[in-house]
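Next come the chains, spelled out residue by residue.
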Amino acid sequence: MTAVRAPRLSFDVTDPQLLADPFPTYERLRRTGAVLANGPGQWVVPGYREVAALLKDQRLTKTLPEQYYRFTVGDPELSGFLSGQNLGQRNRLASRVLVSSFSPGLVRRLGEHMTSIVDDLLEPVLAAGRTDLVADLALPFPLTVICDLLGVPPADRSLLWPHAAQLVRAFSDVAFDGDRDTREAVRSLRWLRAYLGDLVEDGPGGDNLLTRMATTESDGQRLRREEIVDNAITVFYAGFETSMGMITNGIVALLEHRDQLARLRAGEVDTATAVEEMLRYEAPIQVTMRSPLEPVEVAGRVVRPGRVLYLLVGSANRDPGQFPEPDRFDVGRRPNQHLSFGAGVYHCLGAALARAEGVAVFDRLLRRTSAIEFDGEPERRPRFNFRTYDRVPLVVRPA
C-alpha cells in the first residue's frame, strides 16, 4: 500500500449554517477528496463508493478505541459504556437473541399492532386539528413500540425517554457540551442501568426482549445481568431516536415538496418506496464511525489501527455518482440503495422495524387526513449526527 497525503478540510460541526443545511458542505467535501484529514488520527470519507465499501469491510470495527471516547466525553464510566455499546458485541448469545428479536418475520407480525398505536395517537390530534408532530406522534410512537418489545410497563415509559435522550446526546459527541453534559449523561446511564436491572431481577414476564435475553441459554451459559441491561439500554435509545428522525424529516420533506405529497396521496407511489426516499434524502444518522483492525487503504491513504474514520452517510446519500439528481426529493425513486441503515455485518438490526414504523405512520397519517399544513416554522434540533427536529407544528384536517 502506498500512502499519499490526504487533503485537509474545514469542517466545523457546531457551525449553525452546517447544522441547518449540511448538503452544500458535503458537496464541497466530495469535490475536495475521497478521504480527508480531520485532526490527529481522524479521517472523513464523504463519497458513496468509499463509504459503501468501508461499511462492508470486515477489517473495520464499530468498536472505537476507548481513548477516543475518553477524549470526547471525558468520563471513564460513560466512555466505557459507549466504547462497548454496539448491539450484541459483548456476547454472541446476546447477538443471537437480538437478531431473532428484530427479524423481518417478527416485525411483519407487529404490523397490525403498530397501526393500532398510530391510530390511538392520532385520535386527539384529529380532534384538535393541530399538533406538534414530535410531541404527539414522532416521539411517543417509536417509544411505545420499543418499550413493548423490551417489556417496559406502560406506566414507566415516560420516565425512561429523557434519560435515553441524554445518552443520544452523549453518543453524538460533536454536540457534547463539556462537564454539564458529562454529568447528566452519567446520571442517566446510572438511572437506566438501575431501572432495567431491577426489571430484569423482577422478571418482566411475557414474550419480550428482556425475558428472552434473561432466559435464553447456550452451552449451559446465560447472559449476565450487566450484559442484558447494557444491550437493552442500547436498543432503547437507538430504537426511538432514529425512527423519530425518519418521521419528522419525512413529513417536513413532504410538506416542502407538495407535488410528492400529492403523488403519495393519489396512490401513485406506495408508502414503503416513499419511506426509502425519506431515509435517503434526510438520513436520521448523518455519520457513522469505524476503526481499522489492521492497516486499510482508502483512496490511496493508509489508515492504521487506532484511527477513527467518519463515514458521512448523509453525504454518500446525496452523491451524484450514485443517485441521479441527488438533491431532488422523489418519493418514487428506484433504485434507491441508500446507506442510512449501514451495510455488511453492521447493517442496522432494527432496519426492518424502522421501515415498518415509517410505513405505519405515513400510511395512517395520510389515510386519516385530507390536508396537512405547517402551523409555524419547524425547529431543527441543533445536532450534526442525529438529524431531526425538536418541534414540527402542524394543522391537520380529518379525512
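Below is a summary of the structure that appears in this document. (Residues numbered from 1 in each chain as written. Predicted model: local features only at pLDDT ≥ 70, side-chain atom pairs only at ≥ 80, totals over all residues. Heavy atoms only, no water.)

1. Comments concerning the side chain of H338
Which entries qualify depends on this criterion: Working definition: helices are DSSP H or I runs of at least four residues, strands are E runs of at least two. Numbering for both runs from the N terminus. Buried residues are those whose accessible area, probed at 1.4 Å on protein chains only, stays under 20% of the maximum for their type, while exposed residues exceed 50% and partly exposed ones sit between those limits. Contacts were defined at the residue level, with two residues in contact if any of their heavy atoms lie within 4.5 Å.
The residue H338 is located in the loop between α17 (313–316) and α18 (351–367) in this model. For H338, a relative accessible area of 9% translates into the label buried. Among all residues touching H338, those that are not within four sequence positions of it are E276, L279, R280, N317, F323 and R355.

2. Details of the packing of helix α14 (residues 225–256) against α18
Just so we agree on the cut-off: Inter-axis angles, ranging from 0 to 180 degrees, are taken between N-to-C directions of lines fitted to C-alpha atoms, where helices are fitted over the stretch in contact. Orientation labels follow simple angle bins: below 35 degrees gives roughly parallel, above 145 gives roughly antiparallel, 65 to 115 gives roughly perpendicular, and whatever is left gives oblique. Definitions for this section: a left-handed crossing has its near helix turned counterclockwise from the far helix by less than a right angle. A right-handed crossing has that turn clockwise. Put simply, Ala, Val, Leu, Ile, Met, Phe, Trp, Tyr, Cys and Pro go in the nonpolar bin, Asp, Glu, Lys and Arg in the charged bin, and everything else, Gly too, in the polar bin.
With their axes 10 Å apart at the nearest point, α14 and α18 run at an angle of 40° to one another. With respect to each other, α14 and α18 are oriented oblique. Crossing of α14 over α18 shows right-handed handedness. Of α18, the residues touching α14 (which contributes G239, S243, M246, I247, G250, I251 and L254) are A354, E357, G358, V361, F362 and L365. Taken together, the residues of the contact of α14 with α18 break down into eight nonpolar, four polar and one charged.

3. Re the environment of D375
We count it as follows: Residues adjacent in sequence count toward polar contacts only when both atoms are side-chain atoms; beyond that, a polar contact is any pair of N or O atoms within 3.5 Å, and within protein one must be able to donate a hydrogen and the other to accept it.
Mapped onto the fold, D375 is located in the loop between β11 (369–374) and β12 (379–380). On a C-alpha basis, the gap between D375 and V392 in space is 8.1 Å, while along the polypeptide they are 17 residues apart. Residues within four places of D375 in sequence aside, it is in contact with R130, P393, L394 and V395. A polar contact is formed between the side chain of D375 and the side chain of R130, at a distance of 3.0 Å.

4. With respect to helix α8 (residues 111–128)
Quick reminder of the rule: Take the number of residues in a helix, subtract one, and multiply by 1.5 Å to get its expected span. Note on bend: the value at a residue is the angle between axes fitted to the seven residues ending there and to the seven starting there.
Between its terminal C-alpha atoms α8 stretches 27 Å, which fits the 26 Å expected from 18 residues at 1.5 Å a residue. Where α8 bends most, at L122, the angle is about 30°, and the proline P124 comes one to four residues later. For α8, the complete set of buried residues consists of M114, I117, V118, D119, L122, V125 and L126. A positive phi of about 80° marks G129, the residue just after α8.

5. Some remarks on the packing of α8 against α18
At a minimum axis separation of 9 Å, α8 and α18 run at an interaxial angle of 45°. With respect to their mutual orientation, α8 and α18 come out oblique. Between α8 and α18 the crossing geometry is right-handed. The residues of α18 that touch α8, namely those facing M114, T115, V118, D119 and L122, are L353, A356, E357, A360, V361, R364 and L365. Grouping the constituent residues of the contact of α8 with α18 by class yields eight nonpolar, one polar and three charged.

6. Looking at the packing of aromatic side chains
For clarity, the cut-off: Between the rings of Phe, Tyr and Trp (Trp by its six-membered ring), a pair exists once the centres lie within 6.5 Å; its type follows the angle of the planes, with under 30 degrees stacked, over 60 edge-to-face, and the other angles tilted. Geometrically, a lysine NZ or arginine CZ counts as sitting over a ring once it is within 6 Å of the ring centre and also within 35 degrees of the ring normal.
What the rule picks out here adds up to five aromatic pairs. Between the aromatic rings of W191 and Y195, the centroid separation amounts to 5.4 Å while the plane-to-plane angle is 5°, which identifies the pairing as stacked. Of the two residues, W191 and Y195 are both situated in helix α12 (residues 178–202); the distance of four residues between them amounts to about one turn of the helix. When the ring centre of F23 is taken as reference, the NZ or CZ atom of R318 above it lies at 3.7 Å.

7. Quick look at the nonpolar core
Counted only if it meets this: For our purposes a nonpolar core is just a set of buried Ala, Val, Leu, Ile, Met, Phe, Trp, Tyr and Cys residues, chained together by side-chain atoms within 4.5 Å.
One finds F141 and I251 to be the most contacted residues of the largest nonpolar core, which totals 87 residues. Broken down by element, this core gets its largest block of residues, 16 residues, from α14. Counting residues in each nonpolar core, the second largest holds 21 residues, with A52, V313, A316 and F323 among its members.

8. Some details on the sheet that holds strand β14 (residues 393–398)
Threshold: Strand pairing requires that DSSP identify at least two bridges connecting the strands.
Within the open sheet, the three strands sit side by side as β4-β14-β11. Their pairing is antiparallel. Each edge of the open sheet carries a strand with a single partner, namely β4 (130–132) and β11. Mean inter-strand twist for the sheet, computed between neighbouring axes without regard to direction, equals 30°. Where β11 lies against β14, five bridges are found, and the strand directions are antiparallel. Paired with T369 across the strands is P398, a residue of β14.

9. Some remarks on the pairing of strand β2 (residues 42–45)
Residues Q42 and V44 line one face of β2 and the alternating positions W43 and V45 line the opposite face, and both faces are buried. The pairing of strand β1 (residues 36–37) with β2 spans two bridges and is classified as antiparallel. Across the sheet, residue A37 finds its bridge partner in β2, namely W43. Linking β1 to β2, which pair antiparallel, is a turn of four residues; within it G39 sits at a positive phi near 95°. By the bridge criterion, four bridges tie β2 to strand β10 (residues 308–311) in an arrangement that is parallel.

10. Let's talk about the environment of L150
Mapped onto the elements, L150 comes out in helix α10 (residues 140–150). Residue class for L150 comes out buried when judged on its relative accessible area of 0%. With 85 residues separating them along the chain, L150 and V235 place their C-alpha atoms 8.5 Å apart. With near-sequence residues (within four places) excluded, L150 lies in contact with N208, L209, L210, A232, V235 and F236.

11. Topic: the pattern of salt bridges
Note the cut-off: The term salt bridge refers to a side-chain nitrogen of Lys or Arg lying within 4 Å of a carboxyl oxygen of Asp or Glu.
With the rule as written, the count across this model stands at 31 salt bridges. Note that R380 and E282 form a salt bridge whose closest N and O atoms lie 3.5 Å from each other. Taken together, the residues R380 in strand β12 and E282 in the loop between α16 (271–281) and β7 (288–292) connect sequence positions 98 residues apart. Each of R263, E268, E325, R328 and D330 takes part in a single network of salt bridges with overlapping partners.

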